[in-house]
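Observations on chain architecture
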Amino acid sequence: MTLDFPTIYLLPTHIDPAKLPELEAQIPTLTYDINEASIILGKISNKERAKFELRRRNFLTEDIDPAPVSLPSPDTQTEDSYPPRKRRKFESSASPKSTRTSRPTSDSDGEESLDGHGLDGWEDQGSNSTAREDDKSIVKIVRLAWFTDSLAQGTVLPIDKYLVYQGRKLQKDTSKPPPNPDDVLRRARQEGGDDRPSSQGRFSHTYASASQHPRTSAHPKRPPLIQESTSEHERRAHMPPIPDYLHTTYSCQRPTPVNPPNEAFVKELDKVRTLRKLKGDEIGVRAYSTSIASVAAYPYLISQPAEVARLPGCGDKIAILYRQWKENGYLEEVEEAKKDPEMSVLQLFYNIWGVAATTAQEFYRKGWRDLDDIVEYGWDSLNRVQQIGLKYYDELQLKIPRPEVKAIGQTILTHANKLRKGFQMVIVGGYRRGKTESGDVDVVISHPDPTATYRFVTDIVNSLEKDNYVTHTLILSTKNSERGQTPVAWKGQDRKAGSGFDTLDKALLVWQDPHWDKTSSSKNPNPHRRVDIIISPWKTAGCAVIGWTGGITFQRDLRRYCKYVKGLKFDSSGVRSRTDGSWVDLESDEKGPAPDMLTAEKRVFKRLGLEWRPPEERCTG
C-alpha cells in the first residue's frame, strides 16, 4: 500500500548521484518544483545548512517557532513559558504581512488529499509541529531519515525528531531596482553601523527578512511571475475539472492519447527536455517527462496558465512556459539553443544512431564540430553501431510511413513462418501507439512451443540476410536463451539499476528493401531503415508486448508501480516477486497459457490491478 505522504521535494545535496534516481522513485508524491512542496527532504543536519540550501534556490523564508507563540496567563506562566528572547526580537522585526505569499501547493502526483488530509491529518499523528498546518506558506525541511524510517515502519511518522528547519515563505521584493555597484561600500557601512538595536546581535543578518536586507532580493536574473489578465482571472472560476484519472501517481494508470488537445505545447516541452538531456541534467529530464505526461493526459484544450499550474507535476514553472509559448509561438530557451553553436553541435551528434547525450558531449570536448571531424579524427574510436549510424546519418533521420512499417513487419513474420509454422507477431513501438510515422520498426514475435523461440533470433536474421533485406547486423543478443528463456533474475533490493528495460533475445538491424526498378537505377534507391526484432517466449509474451509498446514515461512508471504498489519487478521478459525472486505468472489461467499475444497483454494489465489502456492511450512521451 502506498503511504499517504505530503508533497515532497528532494534536495540532492550529499546524496550519491548514482543512488538519486532510485531514491526519487521511492517517493510517490515527489515534485521537482520546490514551490509545490509541503516537505523538503534532504541529508541536512543543521538549520544554517537548511537555510543555505533554500537561499541558493532563491527560496526566501523567515524563521517561525515550531509551536504557536502565545502569552501565558499569569497563573500558568513559568520561566520557560516565553519564547527565547532573541526569537521574540526577530519576530517583532520581521517584514510586514503584505510581503509574504501564501501560494497553494500543487501535488506532482495528483493526490488532492495531500494538501488537506495528507498534511494536516498526517501531522495529527502525534506531531507537535503545529505552527499553522493549514498555512501553505509554511515550509519544513526534514531529515531524509524520516522518509526511510516511515517506509521501514509502514506508516508516515510524525516529523518532531526529524525537523531541521521550519520557516515561512517570503515574497521576493521586486519593487526595488538592482543594487548599484557604487553603493556597495555605503551599504556595507550602513549594515555594519551601530545604529541598530544591540539585541539583534552580530548574526542578525542571517535571519533578516527580505525587507530588512536589500541584498537578499537582488538577483542577477529575477524569475518571471505568472501574469493574469482580468478576463483570465474571471475564467479561472470556470476552468474544467481535473479528471479523476489525473489524480493518480503513475502515468500507466491514466489514458494519454496519441494526439492530445495540447499536442503543440507538448512538443515544445519535449524540445526543452531534449536540451536538458544534452546538458546532462538528469533531474531536469525526469521533471519535464513528468510534466509532459501530465499535460498530454489533460483532455481539454488549455486556455490560460492557471490551468497548467494546477496539473500534477507542472506548477508555476510550466505555467510560465505556457504563457511564453502562447504569446510568442515559441519558448525562449528553445530559440536561444538554436543560436548557441555548442547546442547545435550537440544536437547534431546526438542524432547519430548509437550516440547518447554523454557521448555527444565527449565528442564536443575533443574539439569535433561536425560529422566530418568525427570521420577524420575519431572513426577508429567509434563502435560498430556508431559507425553505421554515421555512415547512414541522413537516411536514418528519415521517418518511416505506416504502410512501410506494416510491410516490413509482414516480411519478418513471413520469414519466421517459413522457418517454422505457428509464429505470431505484434508490431510495437510508436506504430502501435498510432503514430503516422516512425523513427524505426520494432516487432515482437513469439510461438506457443518454447523450443521454437530458443535461439530463433539467429535463424530469422540469417533468413532475412539471405534474401538481402538486412544489410548490417548491429547487435545480436541471445541472453534470454542462454538463461533458459526465463525472466531476468531478481538480485535483491540493493542491486544496481540495469542499463535498460529489456533482456530478451533481440536483433538490432539495418534494413533496406531489396526490390526496385533496376531499369531506372543501377543502385538501390530505397532508404536504409532501423529495425529491431525481439523474440519472446510464449509464457511471457504479454509482458514483452507491453514493455515494447508504451512511451518511455509509461514504461518508467509501470516499473515504479509494480515495485512500490505490487512488490514486483517488471521486465519485458516477465515479472518476479521482490520478496523471494520467484516468477509470477500473470498470463495463464486454468486452461493454460493465453491463446494469443494480445490476450496475454490484457491479462497482465488486469492482474496488475491496472485498467486496460489500448496502445493509443499510452503516449506519455
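1. What to know about the confidence of the model for the protein
Summing up the model confidence of the protein, the mean pLDDT is 81 and the portion of residues at 70 or higher is 75%. With pLDDT under 50 throughout, residues 67-134 is counted as low confidence; its partners more than four residues away or in other chains account for 145 contacts. Low pLDDT (under 50) marks residues 193-220, which in the prediction has 39 contacts with non-local residues, meaning those over four places away or in another chain.

2. So, the packing of aromatic side chains
Applying the stated rule across the entire model yields twelve aromatic pairs. Plain terms: the ring middles of tyrosine 250 and tyrosine 561 are 5.8 Å apart, the flat faces sit at 80 degrees to each other, and that makes the pair edge-to-face. Within this pair, whereas tyrosine 250 is found in the loop between α8 (230-236) and α9 (263-278), its partner tyrosine 561 is found in helix α25 (residues 552-564), the two being separated by 311 residues in sequence. Tyrosine 250 sits in the buried class, given a relative accessible area of 3%. Look at tyrosine 561 and you get buried, because its relative accessible area is 4%. Residues phenylalanine 265 and tryptophan 325 carry aromatic rings whose centres are separated by 5.4 Å and whose planes lie at 35 degrees to one another, so their mutual orientation is tilted. Residue phenylalanine 265 is found in helix α9, and its partner tryptophan 325 is found in helix α12 (residues 315-328); the two are separated by 60 residues along the sequence. For phenylalanine 265, a relative accessible area of 1% corresponds to the buried category.

3. With respect to the sheet that holds strand β3 (residues 61-63)
Pairing is mixed in the open sheet, where five strands are placed in the order β1-β2-β4-β5-β3. The open sheet is flanked by β1 (8-10) and β3, the only strands paired with a single partner. Within this sheet the neighbouring strands show an average axis-to-axis angle of 35 degrees, counted without direction. Relative to strand β5 (residues 163-169), strand β4 (residues 138-143) runs antiparallel, the two being bridged by five bridges. Counterpart to isoleucine 138 in the pairing with β5 is arginine 168. Contacts from helix α2 (residues 47-55) reach β2 (39-42), β3, β4 and β5 within the one sheet, and its direction differs from that of β5 by about 40 degrees. The sheet contacts of helix α5 (residues 144-153) involve β1, β2 and β4, and relative to β4 the element is tilted by about 70 degrees.

Calculation criteria
Residues numbered from 1 in each chain as written. Predicted model: local features only at pLDDT ≥ 70, side-chain atom pairs only at ≥ 80, totals over all residues. Heavy atoms only, no water. pLDDT = per-residue confidence, 0-100. Contact = heavy atoms within 4.5 Å. Phe/Tyr/Trp six-rings, centres within 6.5 Å; stacked < 30°, edge-to-face > 60°. Helix = DSSP H or I, 4+ residues; strand = E, 2+ residues; numbered from the N terminus. Buried < 20%, exposed > 50% of the residue type's maximum accessible area, 1.4 Å probe, protein only. Pairing = 2+ DSSP bridges. Axes fitted to C-alpha atoms, helices over the stretch in contact; angles between N-to-C directions.

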